[in-house]
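# Per-entry structural report
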Amino acid sequence: MDFSRRQFLKLSVSTVAVLSTGLHFDTGKAKATGYTLKLHDATEYPSICHFCSGGCGVIVHVREGNLVNVEGDPDHPTNKGTLCPKGAALGQVRGNTRRITKPLYRAPGGKDWQEISWETAVDKIARKIKEVRDTTWLPATNSTNAIGLLGSAELDNEECYLMTKFIRTIGSNYNEHQARV
Ligand code: SF4
C-alpha cells in the first residue's frame, strides 16, 4: 500500500491518540516525572542571559560541576519564563570544544592562523592603534576618523564605561554598538 507523506503523518497522529486514550497514558505526568528526574540532585542558580541587552532572567541547574539545564526564569520581570532561541541555547556556550579561547593571528597575505599569547596580541593591537592614530590625526579637530569602536551586548556597564572612556581618550567619536549595526 502506498502512502503520501501527509497520509503517513495523519495515521501516525491518530495511532498515538488512540494508544494514549486506550492505555490512559498521562502525558502531563510523564513530562513532570522526566523533568524531576532530569534535575534530580542538581543545584539551581538564578542568572542572566548574556547574549543581548534584553537581560532575560534564566535558571540554570548544575550537577557535579556540569550544566544540566537552562530555562527562563518565570519570576523575572523582563521575560517571565520565556527565552528566545539564543537564550534557550545558552548551555551550548559552556564546554563547547569549538569555542576559541586563545588569540589567533594571521599574518598579512597569509592563509593560516597561528596561536599567539595574550601579551603578544595586546602588544600588536596597541602598536597598530598608535600607528593608525599617528598617521591619520587631524589637528584641526584634534581627532582621528580612522579608528572606531564596536561594542557588544556581551559587555557589562563597567566595561562599556571603560571602553567609551578609551575611545574618547584616543580621539575618536566613532563609538558604536552591535545592536545598532
Ligand atoms: S534570551 Fe534572547 S532576548 Fe533574552 S537576553 Fe537572551 S538573547 Fe536577549
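Residues numbered from 1 in each chain as written. Predicted model: local features only at pLDDT ≥ 70, side-chain atom pairs only at ≥ 80, totals over all residues.

A few words on the site of the ligand. Looking at the ligand, the residues that line it are C49, F51, C52, G54, G55, C56, N79, L83, C84, K86 and G87. Of the residues contributing to the shell around the ligand, the split by class is six nonpolar, four polar and one charged. (Near = placed C-beta within 6 Å. Nonpolar A, V, L, I, M, F, W, Y, C, P; charged D, E, K, R; others polar.)

With a phi close to 50°, E64 is a non-glycine residue in the positive phi region. Its place among the elements puts E64 in the loop between strand 2 (57-63) and strand 3 (66-72). Positive phi, normally seen in glycine, also occurs at K80, with a value near 45°. You can see K80 is positioned in the loop between strand 3 and helix 3 (85-88). C-beta crowding within 10 Å serves as the criterion here: with 12 such atoms nearby, K80 is assigned to the exposed category. (Helix = DSSP H or I, 4+ residues; strand = E, 2+ residues; numbered from the N terminus. Buried ≥ 20, exposed ≤ 12 C-beta atoms within 10 Å, placed from the backbone.)

Let us look at the pairing of strand 2. Two faces belong to every sheet, and in a regular strand the side chains alternate between them. The pairing of strand 1 (residues 43-48) with strand 2 spans six bridges and is antiparallel. The residue bridging I48 from the neighbouring strand is G57, located in strand 2. Here strand 2 hands over to strand 3 after two residues, with E64 in that stretch at a positive phi of 50°. (Pairing = 2+ DSSP bridges.)

To continue, consider the confidence of the model for the chain. On average, residues of the chain carry a pLDDT of 88, and 90% of them reach 70 or more. Of all helices and strands in the chain, the one with the weakest mean pLDDT is helix 1 (residues 5-22) (65), whereas helix 4 (residues 118-136) scores best (97). (pLDDT = per-residue confidence, 0-100.)

Our focus in this paragraph is the sheet that holds strand 1. Across the sheet, which stays open at both edges, the three strands sit in the order 1-2-3 with antiparallel pairing between neighbours. Looking at which strands have only one partner, the edges of the open sheet turn out to be strand 1 and strand 3. Each adjacent strand pair in this sheet contributes to an overall mean axis angle of 30°, direction not counted. (Axes fitted to C-alpha atoms, helices over the stretch in contact; angles between N-to-C directions.)

Moving on, we come to the pairing of strand 3. Looking at chain direction, strand 2 and strand 3 are connected through six bridges and run antiparallel. Bridging from a neighbouring strand, V60 pairs with V70 of strand 3.

Let's shift gears to helix 2 (residues 27-38). The first and last C-alpha atoms of helix 2 sit 16 Å apart over twelve residues, in line with the 16 Å expected at 1.5 Å per residue. Helix 2 sits mainly on the outside: zero of its twelve residues count as buried. (Expected span 1.5 Å × (residues − 1).)

Relative to the 27 Å expected for 19 residues at 1.5 Å per residue, helix 4 spans 27 Å between its end C-alpha atoms, a close match to the ideal helical length. By the criterion of burial, helix 4 is predominantly exposed, with just zero of the 19 residues buried.

This brings us to the environment of E115. Note on placement: E115 falls in strand 5 (residues 114-115). If we ignore the near neighbours within four places in the chain, the residues touching E115 are K102 and L104. (Contact = placed C-beta atoms within 7 Å.)

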